[in-house]
Amino acid sequence: MFEEFFDLTATPFTNSIPSDKLYMSPIMRETLGRLKFAVSHRMFAVVTSDVGCGKTTTIRKFTNDLDRKNYEILYIANSKLSPSWFYKGMLKQLGVEPKFYRDAASRQLHRELEIIRGVQHRDVVCIVDEAHLLSKETFEEIRFLLNSKMDSENPMSLILVGQNELWDKLKLQSYAAVRQRIDIKCEIPQYDRAETARYIECHLKYAACTREIFTEKAIDEIYRYSAGAARAINKVCLNSLICAAQRKEKLVDDYLVVEVIDGELP
Ligand SMILES: Nc1ncnc2c1ncn2[C@@H]1O[C@H](COP(=O)(O)OP(=O)(O)OP(=O)(O)O)[C@@H](O)[C@H]1O
Ligand SMILES: [Mg+2]
């Protein structure tokens, strides 16, 4: 157990890190602020990044911080959904048995949204993760969903979250009607070298590590391999810690990191 060897109280570099211990980069802070603004004005927001750069984690932090007294959150992660499954997925999360036909399910959803707004005085926030996988048909349905009251007001906030190709798709002429309805756009870039070091420090601090484990040169190699993407940083750091503990080495240097990258990682 490398945790014991390094005197760690938790396992760093996994996605079990609690949302109040996350590395709060300036971009993450800004994204959270924009999303807060979007939901307080019932807007349509899109969050994109390259693979493994922290989109779902940012959403996890965002929803954890939202006051459930005021917001009903629907989270849909299976984006290969057809339009009718999209409606059904939302209705099920609202605790309503969906009607069979798409139009009936759509009317049912609109009714539920009105009850939640008008009677419960709460707002619905629908988050669609992995949205780059959505079919064109489902994008069209989203457009109609946001269009329900002749554009006077959105019936709910909608946040589409996906890899960069989501934005590439939305830039196409055939998606113009959806694209024009986007109010807030957030792009999460990879970390730079300095942020990669701070990210590593943050995970180690969460595990109550009080001393240096990764040398500066080791961090250079981690950055080179990961290009500053959080999941790739996690992978190389975790594997390096396991390898160092097996060899009873308390310091992870660049040689060890390169060996791990060349030998154990794809
Ligand atoms: N700010 C952060 N602080 C700590 N850990 C983070 C942070 N951002 C991301 N991570 C970690 O990095 C990993 C990848 O993050 P996440 O799953 O959010 O990326 P993603 O952009 O949603 O990936 P994908 O493109 O595959 O959907 C997770 O293990 C997560 O815990
Ligand atoms: Mg994700």
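An account of the accompanying structure is given in this report. Throughout this document, residue positions are counted from 1 along each chain, in the order its sequence is written. Each chain gets a letter, beginning with A, and each ligand a number, beginning with 1, in the order they are written. Reporting of local features is limited, given that this is a predicted model, to residues whose pLDDT is at least 70; pairs of side-chain atoms are given and counted only at 80 or more, and all residues count toward the totals for whole chains, interfaces and linings. Side-chain measures here rest on the full set of heavy atoms in the structure, leaving out hydrogens and waters.

Regarding helix α5 (residues 102–118)
Now for step 1: Comment: elements are numbered from the N terminus, with helices defined as DSSP H or I runs of at least four residues and strands as E runs of at least two. Helix span, expected: 1.5 Å multiplied by one less than the number of residues in the helix. Its 17 residues give α5 an end-to-end C-alpha distance of 24 Å, which sits within 8% of 24 Å, the value for a rise of 1.5 Å per residue.
Now for step 2: Three labels apply to residues, based on accessible area from a 1.4 Å probe with only protein chains included: buried if under 20% of the type maximum, exposed if over 50%, partly exposed otherwise in between. Regarding α5, the residues found buried are A104, A105, S106, Q108, L109, E112, L113, I116 and R117.

Regarding the sheet that holds strand β4 (residues 157–163)
Now for step 1: Between any two strands, at least two bridges found by DSSP are needed for them to pair. The parallel open sheet is built from 5 strands, whose spatial order is β2-β3-β4-β1-β5. The outermost strands of the open sheet, each flanked by one partner alone, are β2 (71–76) and β5 (184–188). Adjacent strand axes in the sheet meet at a mean angle of 15° when their direction is disregarded.
Now for step 2: Relative to β4, strand β1 (residues 44–49) is paired through 6 bridges, and the arrangement is parallel. Note that in β4 the partner of T48 across the bridge is G162.
Now for step 3: Most of the contacts of helix α4 (residues 83–93) go to β2, to which it runs at about 135°, and overall it touches β2 and β3 (123–128). Throughout, an axis means a line fitted to C-alpha atoms (over the contacting stretch in the case of helices), and angles, computed between N-to-C directions, take values from 0 to 180 degrees. Contacts are residue-level and defined by heavy atoms, with any inter-residue pair within 4.5 Å sufficient.

Notes on the site of ligand 1
Now for step 1: In the neighbourhood of ligand 1, 21 residues make up the surrounding shell, with Y23, K55, T56, T57 and R231 lying closest.
Now for step 2: Two N or O atoms count as a polar contact when they lie within 3.5 Å, although within protein this holds only if one can serve as hydrogen donor and the other as acceptor, and sequence-adjacent residues are included solely when both atoms are side-chain atoms. At a separation of 2.5 Å, an oxygen atom of ligand 1 approaches a polar side-chain atom of T57.
Now for step 3: Contact between ligand 1 and R231: an oxygen atom at 3.0 Å from a side-chain N or O atom of the residue.
Now for step 4: We get accessible surface area from the Shrake-Rupley algorithm with a probe of 1.4 Å; when it comes to residues, only the shown protein chains can shield them. Taking 630 Å² as the accessible area of ligand 1 by itself, protein coverage stands at 92%. Working definition: residue near molecule or strand if any one of its non-hydrogen atoms lies within 4 Å of it.

Side note on the pattern of salt bridges
Now for step 1: When a carboxyl oxygen of Asp or Glu is within 4 Å of a side-chain nitrogen of Lys or Arg, the pair counts as a salt bridge. In this structure the tally under the stated criterion is 14 salt bridges.
Now for step 2: Among the salt bridges present, the one from D65 reaches K61, with a minimum N-O distance of 3.2 Å. Taken together, the residues D65 and K61, both in helix α3 (residues 55–65) and 4 residues apart, mark about one turn of the helix.
Now for step 3: Owing to a relative accessible area of 11%, K61 belongs among the buried residues under this scheme.
Now for step 4: The shortest N-O distance in the salt bridge between K185 and E187 comes to 3.2 Å.
Now for step 5: Relative accessible area serves as the criterion here: at 29%, K185 is assigned to the partly exposed category.
Now for step 6: Look at E187 and you get partly exposed, because its relative accessible area is 47%.
Now for step 7: By sharing partners, the salt bridges in this structure join R102, E137 and E141 into a single network.

Quick word on the environment of V119
Now for step 1: With respect to the secondary-structure elements, V119 resides in the loop between α5 and β3.
Now for step 2: For V119, a relative accessible area of 62% gives the class exposed.
Now for step 3: Each C-alpha atom, one on V119 and one on K185, is 31 Å from the other, the two residues being 66 residues apart in sequence.

Here we look at the packing of helix α9 (residues 193–206) against helix α10 (residues 216–226)
Now for step 1: Taken N-terminus to C-terminus, the directions of α9 and α10 make an angle of 110°; their axes are 10 Å apart at the nearest point. The angle between α9 and α10 falls in the class roughly perpendicular. Residues R193, T196, A197 and I200 of α9 form the contact with α10, whose own contacting residues are E216, I219, D220, I222 and Y223.
Now for step 2: For this classification, the nonpolar set comprises Ala, Val, Leu, Ile, Met, Phe, Trp, Tyr, Cys and Pro, the charged set comprises Asp, Glu, Lys and Arg, and every other residue, Gly included, is treated as polar. Class assignment of the residues belonging to the contact of α9 with α10 gives a composition of 5 nonpolar, 1 polar and 3 charged. Orientation is classified from the angle alone, with under 35 degrees giving roughly parallel, over 145 giving roughly antiparallel, 65 to 115 giving roughly perpendicular, and any other angle giving oblique.

Quick word on the side chain of H203
Now for step 1: Looking at where H203 falls in the secondary structure, it is placed in helix α9.
Now for step 2: With relative accessibility at 3%, the residue H203 sits in the buried group.
Now for step 3: A polar contact is formed between the side chain of H203 and the side chain of Y199, at a distance of 3.1 Å.
Now for step 4: Not counting the four nearest positions on each side in its chain, H203 is found in contact with P12, F13, T14, I17 and N234.

Side note on the nonpolar core
Now for step 1: As used in this record, nonpolar core signifies buried Ala, Val, Leu, Ile, Met, Phe, Trp, Tyr and Cys residues forming a set joined through side-chain atoms within 4.5 Å. Core analysis: the biggest nonpolar cluster contains 57 residues, and F6, I159, I200 and F214 have the highest contact counts within it.
Now for step 2: Per-element tally for this core: the top contributor is helix α11 (residues 230–246), with 8 residues.
Now for step 3: Taken domain by domain, this core gets at least three of its residues from each of domain 1 (2–19 + 191–264) and domain 2 (26–188).
Now for step 4: Dropping the residues within four chain positions of it, F214 is found in contact with F13, I200, L204, I219, I222, C237, S240, L241 and V252. Residue ranges assigned to the domains are those given by an automatic or database domain assignment.

Remarks on the packing of aromatic side chains
Now for step 1: Between 30 and 60 degrees the pair is tilted, below 30 it is stacked and above 60 it is edge-to-face, where a pair is any two Phe, Tyr or Trp rings, Trp via its six-membered ring, whose centres lie within 6.5 Å. As enumerated under the stated definition, the model contains 8 aromatic pairs in all.
Now for step 2: Geometrically, the ring pair formed by F100 and Y101 is edge-to-face, given 5.0 Å between the ring centres and 90° between the ring planes. Take F100 and Y101: they sit in the same class, and that class is exposed.
Now for step 3: Measuring from centroid to centroid gives 5.4 Å for Y191 and Y199, while their planes differ by 35°, and the two rings are tilted.

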